[in-house]
Amino acid sequence: MTLLLDLQDFSVAYGSVEAVHRVGLQVASGEIVTVIGPNGAGKTTLLGAAMGLLPSTGTLALDGERIARPSVEAMVARGVALVPERRELFGEMSVEDNLLLGGFYRWRKGQRDQKARMAEVFEIFPRLRERRAQRASTLSGGERQMLAIGRALMARPRLLMLDEPSLGLAPLIVREVLQVVSSLRTQGVSVLLVEQNARAALQVADRGYVLEMGHVALQGPAADLLHDRRIIDTYLGIG
Ligand code: ATP
C-alpha cells in the first residue's frame, strides 16, 4: 500500500511552547484516518503544519517524496486540500462563486474544467446545486460545511484534510456530512479527519490516532479504538 502522507517525528511549536510533539502519522492511499483528542491537544496545529501553514520540524513526505519545506503552495500542487475549522467561506458570494474559487489554482495552471468539476461536486452534494445562486452567509450550518468541503473538492485533491467538520452541527447532519466524506474514497480521495466527536469520526474512519497534549497517546484500527476501554471512558462517555 502506498503511503500518501507520512509524518515522522513531526513537531510544531509556537515560540518556545511545543503544541505537537514528535508525532508519527500515516495516511495510506484510499484510507480514512481520524485524529481525535480533547480541546487544545494540538489537532488543529497538526493539520495546519501538515498543510504548510505553520513551520514544523521532523519529516513530511507525500507519495514517498520528502517535502523539505512544506508550504501551502507545495501541498496544493501535490493534491492536498484543507477545510479549516472556521470554514472560511465568502459570505457575500454565491455558492457557485465560492466553489469556483476552490478551483482557482487549477484554473491558474491552465485547467479549464471548472464547470465539469462543479457538476461533479453537485453530484456529491445535491443540496448545493439547489442553492447554487444563494449567498453563502444565508446557508444553514450543515450546508455551509458541505460548501466548504465542496470548495476544497474543486481542486480535485487526493488528500482531503478536514478540521472538525462536525462543529456546531446537529447529530443527524454530522452523520450526513461524514457519510459523504467516507464515500469520497471511491473517487480516489483519501481523508485525514480531525474531530472532537470521537464516536462519529471512528465510525467512518479506517484508523485513528488519539492526540493528547501534543503526543500520540494511542493509535490503531478505528474499530478497535471504538471498543477500547480508555477511549470509551474518556471520549465516548456521552452520546
Ligand atoms: P481544539 O479542538 O480546541 O481546536 P486542538 O486540539 O485543535 O484544540 P490546537 O488548537 O492545535 O488544539 O492547540 C494546541 C495548543 O497550542 C494549545 O495549547 C493552544 O493554546 C496552543 N496554540 C494554538 N494556536 C496558538 C497560537 N497561534 N499561538 C500560541 N499558542 C497557540
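Now for a look at the structure at hand. Every chain is numbered independently, its residues counted from 1 as its sequence is written. Totals for whole chains, interfaces and linings use all residues, but because this is a predicted model, local features are given only for residues with pLDDT of at least 70 and pairs of side-chain atoms are given and counted only at 80 or more. Hydrogens are left out, water is left out, and the side-chain values use all remaining heavy atoms of the structure.

**A closer look at the overall build of the chain**
Per the secondary structure count, the chain includes 11 helices and 10 strands. Within these notes, the globule rule equals 2.2 Å times the number of residues to the 0.38 power, and the radius of gyration is based on C-alpha atoms. Taken over C-alpha atoms, the radius of gyration comes to 17 Å for the chain, in line with the 18 Å a tight globule of 239 residues would show. Using a 1.4 Å probe on the protein chains alone, a residue whose accessible area is under 20% of its type maximum counts as buried, one over 50% counts as exposed, and one in between counts as partly exposed. Across the 239 residues that make up the chain, the buried fraction comes to 50%. Once local pairs closer than 6 in sequence are excluded, the contacts in the chain between residues at least 24 apart make up 66%. Here the Shrake-Rupley method, with its probe set to 1.4 Å, supplies the accessible areas, and only the displayed protein chains count as covering residues. Roughly 11,300 Å² of accessible area belongs to the chain as shown, and the carbon and sulfur atoms make up 52% of that amount. Here the chain contributes 28 positive and 26 negative side-chain charges, whose respective centroids are spaced 4 Å apart. Numbering goes from the N terminus for both helices and strands, where a helix is a DSSP run of H or I of at least four residues and a strand is a run of E of at least two. Should any heavy atoms of two residues lie within 4.5 Å, those residues are considered in contact. The charge count includes Lys and Arg as positive and Asp and Glu as negative, but it does not include His or the ends of the chains. Just so you know, the charge point we use is NZ for Lys, CZ for Arg, CG for Asp and CD for Glu.

**Points about the packing of helix α3 (residues 95-102) against helix α7 (residues 141-153)**
Interaxial distance between α3 and α7 falls to 7 Å at its minimum, and their mutual angle equals 35°. Judged by the sense of rotation from one axis to the other, the crossing of α3 with α7 is right-handed. Note on element contacts: α7 touches α3 through L147, G150 and R151, opposite V95, N98, L99 and G102. Side-chain classes are defined by residue name, with Ala, Val, Leu, Ile, Met, Phe, Trp, Tyr, Cys and Pro counting as nonpolar, Asp, Glu, Lys and Arg as charged, and the others, Gly among them, as polar. By residue class, the composition of the contact of α3 with α7 is 3 nonpolar, 3 polar and 1 charged. Think of each axis as a best-fit line through the C-alpha atoms, taken over the contacting stretch in the case of a helix, with angles from 0 to 180 degrees between the N-to-C directions. For any pair of crossing helices, the crossing counts as left-handed if the nearer helix is rotated counterclockwise from the farther one by less than a right angle, and right-handed if it is rotated clockwise.

**Some thoughts on the side chain of T45**
Inspection of the secondary structure puts T45 in helix α1 (residues 43-50). A distance of 2.8 Å separates a polar atom in the side chain of T45 from a polar atom in the side chain of Y14. Those residues within four positions of T45 in sequence are excluded, and the remaining contacts are V12, Y14, A19, V20 and L54. Here a polar contact is taken to be a pair of N or O atoms separated by no more than 3.5 Å, where protein atoms must pair a possible hydrogen donor with a possible acceptor and residues adjacent in sequence count only if both atoms sit in side chains.

**Notes on a nonpolar patch on the surface**
Grouping into patches uses exposed residues only, defined as over 30% relative accessible area, and leaves out salt-bridged ones; the cut-off is 9 Å for like charges and 5 Å for nonpolar side chains (Val, Leu, Ile, Met, Phe, Trp, Tyr). The rule for a salt bridge is simple: a side-chain nitrogen of Lys or Arg has to be within 4 Å of a carboxyl oxygen of Asp or Glu. Where nonpolar side chains cluster on the molecular surface, the patch consists of F90, L101, F104 and W107 and spans about 390 Å² of accessible area. Looking at the element boundaries, L101 is found in helix α3. Note on L101: relative accessible area 37%, which makes it partly exposed.

**Overview of α7**
To estimate how far a helix should extend, the number of its residues minus one is multiplied by 1.5 Å. Along its 13 residues, α7 runs 18 Å from first to last C-alpha, staying within 8% of the 18 Å computed at 1.5 Å per residue. Buried residues dominate α7, accounting for 11 of its 13 residues. Buried positions along α7 lie against β6 (80-83), α3, α5 (114-124), α6 (126-130), β7 (159-163) and α8 (171-183).

**Some words on the environment of P55**
Within the fold, P55 resides in the loop between α1 and β4 (57-62). Given a relative accessible area of 66%, P55 falls into the exposed group. Sequence spacing of P55 and Y14 is 41 residues, and the spatial spacing of their C-alpha atoms is 9.2 Å.

**As for the site of the ligand**
It suffices for a single heavy atom of a residue to lie within 4 Å of a molecule or strand for the residue to be listed as near it. If you check the shell around the ligand, you find 13 residues, and the closest are N39, G40, K43, T44 and T45. Between the ligand and the protein, one listed contact pairs an oxygen atom with a backbone N or O atom of G42 at 2.9 Å. Here an oxygen atom of the ligand and a side-chain polar atom of K43 are 2.8 Å apart. Contact with the protein chains hides 57% of the accessible area of the ligand, taken as 630 Å² for the molecule alone.

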